[in-house]
Structure formats: C-alpha cells, structure tokens
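# Topology and contacts: notes
Each chain is listed here by its residues.
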Amino acid sequence: MQNGEVMSPHDSKASGHETMEDHKAPCQSQGCAEPTAPLLPPPSPPPAGPPEYPRPRLVFHTQLAHGSPTGRIHGFTNVKELYAKIAEVFNISPSEILFCTLNSHKVDMQKLLGGQIGLEDFIFAHVRGETKEVEVTKTEDALGLTITDNGAGYAFIKRIKEGSTIDRLKAVCVGDHIEAINDQSIVGCRHYEVAKMLKEQPRGHPFTLRLVEPKKAFDMIGMRTKAPKSNEGKLVNGRETLRLRSKGAATVQEVNEFEEQATRKVDDLLESYMGIRDLELATTIVEAGKDKKNPDDFAEALDSVLGDFAFPDVFLFDVWGAIGDVKNGRI
C-alpha cells in the first residue's frame, strides 16, 4: 500500500509473483476459494453543523389584536421565530406582523413585547393596516419622535413628544411603522439607524414619511380573554419569564428588582441620547455592567457585545452611574 491507496488483489506491483489472472482458470477448476476484498476504513462522520439551540417547551396563548380566535404557540427562541409561529397559527405571512403587546390588544407601548415574556402573559399580534404618506417639515432640530423596532426588521414610533413637530401632524400616531423616508425603504434597518436618518433631515426642507398603521380593532374586542390582572403588563419581582435573545437560546429566568429598575433607567437614557427605546438592548447593557468593577471594564465588555452601536463616552458614563445608583439603593 502506497500513498494511502488500497491494494487490489489483482495488483502484482513489484513482488515478482504472477498475477491472479494467470491462474484464474486453473484455480476455478480446482475449486479454489475466491479472494476476499480488503477491509475499507469506516466512512468519516459528516461535518458538524451549527449547534441547534433547545426550544423551550412552554405554551403561550395568542390572538391577533384586531380580533381572532385564540391560538397556542410554543418552541420559539427569538422574536423572528415567535412571529413565524404566530403567523403559522393564523395562516398569515410573518411580514404582516408589526409588533406584539402583552395582555392588551391596544397599541399600548407600556405593554410592548420586548426581550422577555412572562410565563402567564397573553400575546397580542398587531398586523399591517392602512398605508399613508405624510409630508414633514423640520422646524427645529428634533422631530419629537422616539423610535423602537420589532426585532424583525420593522422600526416604528414608540413615543411622540407633546408640542413637537410630529405632534402637530395628527396623521402620525404611536405604533405606526416607518416603512420609507423620501421613498427610500428602511425595512430591515435598526431603530438607531432610522433615528439617525430622521435627525439628519435638514431644517426647512420637507420630506415624506411612508407609514403603515396597525390594523384597527373592533369595538367588541375588549371582551376577550386576558391574563390574570395581578400580572398584567408587569415584570413582577421573582416572576419567571422567558428571555428571548437575538443570539443564543431562550432561557427561563426570574427578573430581580435590581435588574428591572436598572433596565428601566438605561432605557430612559437610550431615549435621551439616541431617540430610541429598546428593553432588550437595555437588559443586555445592564447584564454587561452589573458585575464590573470600574467604567473601563464596563466599556470594554459593552464593546465586545454591542460594538456596532458605537456609544458615546458620555452615554457610557451615565449608564455606569445609573447602574451604580440602582445597585447602591440611591434610586
């Protein structure tokens, strides 16, 4: 055997012996046994693919916010999979879902589904309704919008500041998905990218927003099933929740008082500095900073998991201070 080849019984090589072909007929006439084939090495195992994350075996109840029967979903580990499960139950496309609220069919941004779902929470999916175009002219640097996104490519309006430029445009509402700016589609953009685009619109020059509003609910929808009142829209201390992650497996965990308060504070700072609100992002920031001993270690940890955001130093110091205030009981 040379160079990894398997030697055949018909190969004479350089042995000096006659080949099997020379004795084939006599051997058969004498009843000789046929030569056995050499053993081949076992086949190599197939290359390992990416690891499959375990799907939590938790069942949640869901409805379409504008009215539908109740469906049951399970086996999702992130927001995109959650939308796919809801879409499958109601025979719609996942791209129809704008966002979800917990325990309320209303467009209530205080009950918006973020990175956590309480194990008793009822999920309401808000789907695409009418499309509208609105012309906006900036009269001051800030439009008065707070942007968030649904974790699956849709940015939408979470808050409108009273008395702002947008507040004077009654056609623009909380819950509207921003589909395009000046006919440029922003589907797939993250909320901070959309906020930056809007901030960069020049003052005094009109621009167009193409918005998609959530489908309107029927009047009788208030009589639907709800989760227990004691847990409506709240992350109660010690209550088990399903934590959804953009990378990695979903996990069941308890939300403690420190993390809940710190997350709310960091979410406020995200709105103040970046014009966005995002509880999952705020939770990730708190997790990166809660065990760090100094702001340099915190900044390094944050950069390793959220480097794409390029947070300004002043924001990082304020976040570090807020986490410290909560940890030391000053908030």
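In this report, we go over the structure that sits alongside the text. In this text the structure is predicted, and so the values were computed from the model without any measurement.

## A short note on the overall build of the protein
Across its full length, the protein holds seven helices and 12 strands. Looking at the protein residue by residue over its 331 residues, the buried ones come to 42%. Residue pairs at least 24 apart in sequence account for 61% of intrachain contacts in the protein once pairs closer than 6 positions are excluded. As presented, the protein carries roughly 18900 Å² of accessible surface, and 51% of it is formed by carbon and sulfur atoms.

## Details of the sheet that holds strand β12 (residues 251–254)
One open sheet accounts for three strands, arranged β4-β11-β12; its pairing is antiparallel. One side of each edge strand has no neighbouring strand; the edge strands of this open sheet are β4 (116–118) and β12. Sheet twist, expressed as the average angle between the axes of neighbouring strands with direction ignored, equals 35°. Direction of pairing for β4 relative to strand β11 (residues 240–243): antiparallel, over a ladder of three bridges. Among the inter-strand pairings, glutamine 116 is bridged to a residue of β11, identified as arginine 243.

## Structural notes on unusual backbone geometry
Non-glycine residue asparagine 103 carries a positive phi angle of around 65°. Within the secondary structure, asparagine 103 sits in the loop between β3 (97–102) and β4. Owing to a relative accessible area of 1%, asparagine 103 belongs among the buried residues under this scheme. Backbone geometry at asparagine 182 places phi at a positive 50°, although glycine is not the residue there. Within the secondary structure, asparagine 182 sits in the loop between β8 (177–181) and β9 (184–185).

## Focus: a negative patch on the surface
Negative charge collects at one region of the surface, where Asp296, Asp297, Glu300 and Asp303 lie side by side. Positionally, glutamate 300 belongs in helix α6 (residues 295–306).

## Regarding the environment of aspartate 141
Summarising the element assignment, aspartate 141 is placed in the loop between β5 (122–137) and β6 (145–149). Note: C-alpha distance between aspartate 141 and glutamine 201 (60 residues apart in sequence) is 8.8 Å. A polar atom in the side chain of aspartate 141 sits 3.5 Å from the side chain of arginine 203.

## Structural notes on the environment of alanine 195
Inspection of the secondary structure assignment puts alanine 195 in helix α3 (residues 191–199). Alanine 195 gets classed as buried once you look at its relative accessible area, which sits at 13%. Measuring from C-alpha to C-alpha, the distance between alanine 195 and isoleucine 147 comes to 6.4 Å, with 48 residues separating the pair along the chain. The contact partners of alanine 195, leaving out residues within four places of it in the chain, are Ile147, Met274, Gly275 and Ile276.

## A few points about the pattern of salt bridges
Counted under the stated rule, the structure contains 16 salt bridges. Of the charged contacts, one joins arginine 159 and glutamate 271 as a salt bridge, the two residues approaching to 2.8 Å between their closest N and O atoms. Highlighted residues: arginine 159 in strand β7 (residues 155–160) and glutamate 271 in helix α4 (residues 257–274), separated in sequence by 112 residues. Arginine 159 gets classed as partly exposed once you look at its relative accessible area, which sits at 35%. Glutamate 271 gets classed as buried once you look at its relative accessible area, which sits at 17%. Here arginine 190 makes a salt bridge to aspartate 278, at a shortest N to O gap of 3.5 Å. Residue arginine 190 is located in the loop between β9 and α3, and its partner aspartate 278 is located in the loop between α4 and α5 (279–289); the two are separated by 88 residues in the primary sequence. The class of arginine 190 is partly exposed, set by a relative accessible area of 32%. Given a relative accessible area of 10%, aspartate 278 falls into the buried group. By sharing partners, the salt bridges in this structure join Arg159, Asp267, Asp268, Glu271 and Arg277 into a single network.

What counts and what doesn't
Residues numbered from 1 in each chain as written. Predicted model: local features only at pLDDT ≥ 70, side-chain atom pairs only at ≥ 80, totals over all residues. Heavy atoms only, no water. Helix = DSSP H or I, 4+ residues; strand = E, 2+ residues; numbered from the N terminus. Buried < 20%, exposed > 50% of the residue type's maximum accessible area, 1.4 Å probe, protein only. Contact = heavy atoms within 4.5 Å. Areas by Shrake-Rupley, 256 points an atom, 1.4 Å probe, with all protein chains shown as cover. Pairing = 2+ DSSP bridges. Axes fitted to C-alpha atoms, helices over the stretch in contact; angles between N-to-C directions. Patch = residues over 30% accessible without salt bridge, like charges linked within 9 Å, V, L, I, M, F, W, Y side chains within 5 Å. Salt bridge = Lys/Arg side-chain N within 4 Å of Asp/Glu carboxyl O. Lys, Arg positive; Asp, Glu negative; His and termini not counted. Charge placed at Lys NZ, Arg CZ, Asp CG, Glu CD. Polar contact = N/O pair within 3.5 Å; in protein donor to acceptor, adjacent residues only side chain to side chain.

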